[in-house]
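What follows is each chain in one-letter form.
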Amino acid sequence: MAGQGHENQSLGIAVLEPSSPSAPGVFEQNLTDIRNRGIRTDVITYDTGAGERLAESGVRERARMLSSALLESDCDYVMAARGGYGASDLLRHLDWQALAEIPTKIMVGFSDISALHAALYTRLGWPGLHAPMPGSTLWGSGPDVASLLEFLSKGRPWSGRINVEQVSIGEIPAAVSYTHLRAHETSLHLVCRLLHEKK
């Protein structure tokens, strides 16, 4: 079963920016929130010598970061620092055969990171967490972040569940455009939930 042998080891998360860069001034503080829960975080940084992130050289560098997190790190989870744009460009650069031969890694994030969730689940059957990201200004002291940190603190295999409550239309204060959601400009709390539940 995926995840066997992790329950007695220190939980680790590889954090990287596979899409857009983190919002200024929030990433390091939010990493502290994670580390204060006793969770080891290994940050994989973008080599600025690769140039513009959306250029082909930048795509290759971001793919290198993602491949390193998935294939080379000893972390249980791979967390995107932020969404934005560009994750789907990385898929053609991943070594899917090599990924199929390693234990499951859980991708954490939302927005543009959904492209990675979908590909990892479709190609490998790996579940993912649709959850807050520490490089976004939406990371705060709300229930979404608290639920995520509590969930991650349990280690693997998981010993609990995340409950999802239906929100009625009347509770939503205003319509939010897809553009705003992608730009992470909405103030609505996002519910941390399992994108796919591995049976």
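Residues numbered from 1 in each chain as written. Predicted model: local features only at pLDDT ≥ 70, side-chain atom pairs only at ≥ 80, totals over all residues. Heavy atoms only, no water.

Strand direction decides the pairing type here: strand β1 (residues 12-16) and strand β2 (residues 40-43), joined by four bridges, are parallel. Along β2, the bridge assignment pairs Gly 12 with Arg 40. Once you follow β1 into helix α1 (residues 27-35) and on to β2, the crossover reads as right-handed. (Pairing = 2+ DSSP bridges. Helix = DSSP H or I, 4+ residues; strand = E, 2+ residues; numbered from the N terminus. Right-handed = clockwise from strand over helix to strand, strands pointing away.)

The next point concerns the pairing of β1. Across the five residues that make up β1, a large majority, five, are buried. Here β1 shows no split at all, with Gly 12, Ala 14 and Leu 16 on one side and Ile 13 and Val 15 on the other all buried. Pairing of β1 with strand β3 (residues 77-80) involves four bridges; the strand directions are parallel. For Ala 14, the partnering residue across the bridge sits in β3 and is Val 78. (Buried < 20%, exposed > 50% of the residue type's maximum accessible area, 1.4 Å probe, protein only.)

The next thing to look at is the nonpolar core. Within the largest apolar cluster, 28 residues are counted, with the highest numbers of intra-cluster contacts made by Leu 66 and Met 107. For this core, the elements supplying multiple residues, two or more each, are β1, α2 (56-72), β3, α3 (96-99) and α4 (114-124). Sort the elements by how many residues they give to this core and α2 lands first, with six residues. Those residues in contact with Met 107 that sit more than four places away from it in its chain are Leu 66, Val 78, Ala 80, Ile 113, Leu 116, His 117, Leu 120, Pro 127, Gly 128 and Leu 129. The next biggest cluster of nonpolar side chains, apart from the first, holds 20 residues, and it includes Leu 11, Ile 106, Trp 139 and Leu 148. (Core = buried A, V, L, I, M, F, W, Y, C linked by side-chain atoms within 4.5 Å. Contact = heavy atoms within 4.5 Å.)

Time to look at α1. Within α1, the full set of buried residues consists of Phe 27, Asn 30, Leu 31 and Ile 34. Taken down its axis, α1 places every buried residue within 105° of arc, on the same side. Contacts made by the buried residues of α1 are with β1, β2, β3 and α5 (143-153). (Arc of directions from axis to C-beta.)

This part covers the pattern of salt bridges. Under the definition given, this model contains six salt bridges. Residue Arg 40 is joined to Asp 42 by a salt bridge in which the shortest nitrogen-to-oxygen separation is 2.5 Å. The closest approach of N and O atoms between Asp 74 and Arg 40, which form a salt bridge, is 3.3 Å. Taken together, the residues span a long stretch of sequence, with Asp 74 in the loop between α2 and β3 and Arg 40 in strand β2 at a distance of 34 residues. The exposed category is assigned to Asp 74, whose relative accessible area is 57%. Note on Arg 40: relative accessible area 27%, which makes it partly exposed. One continuous salt-bridge network, built from bridges that share partners, spans Arg 40, Asp 42 and Asp 74. (Salt bridge = Lys/Arg side-chain N within 4 Å of Asp/Glu carboxyl O.)

So, about the environment of Ile 34. Structurally, Ile 34 can be placed in helix α1. Considering only alpha carbons, one finds Ile 34 and Ser 153, 119 residues apart in sequence, at a separation of 9.1 Å. In this structure Ile 34 touches Ile 13, Ile 39, Thr 41, Met 79, Pro 134, Trp 139 and Leu 149, once residues within four positions along its chain are discounted.

Just distances and angles here, no functional claims.
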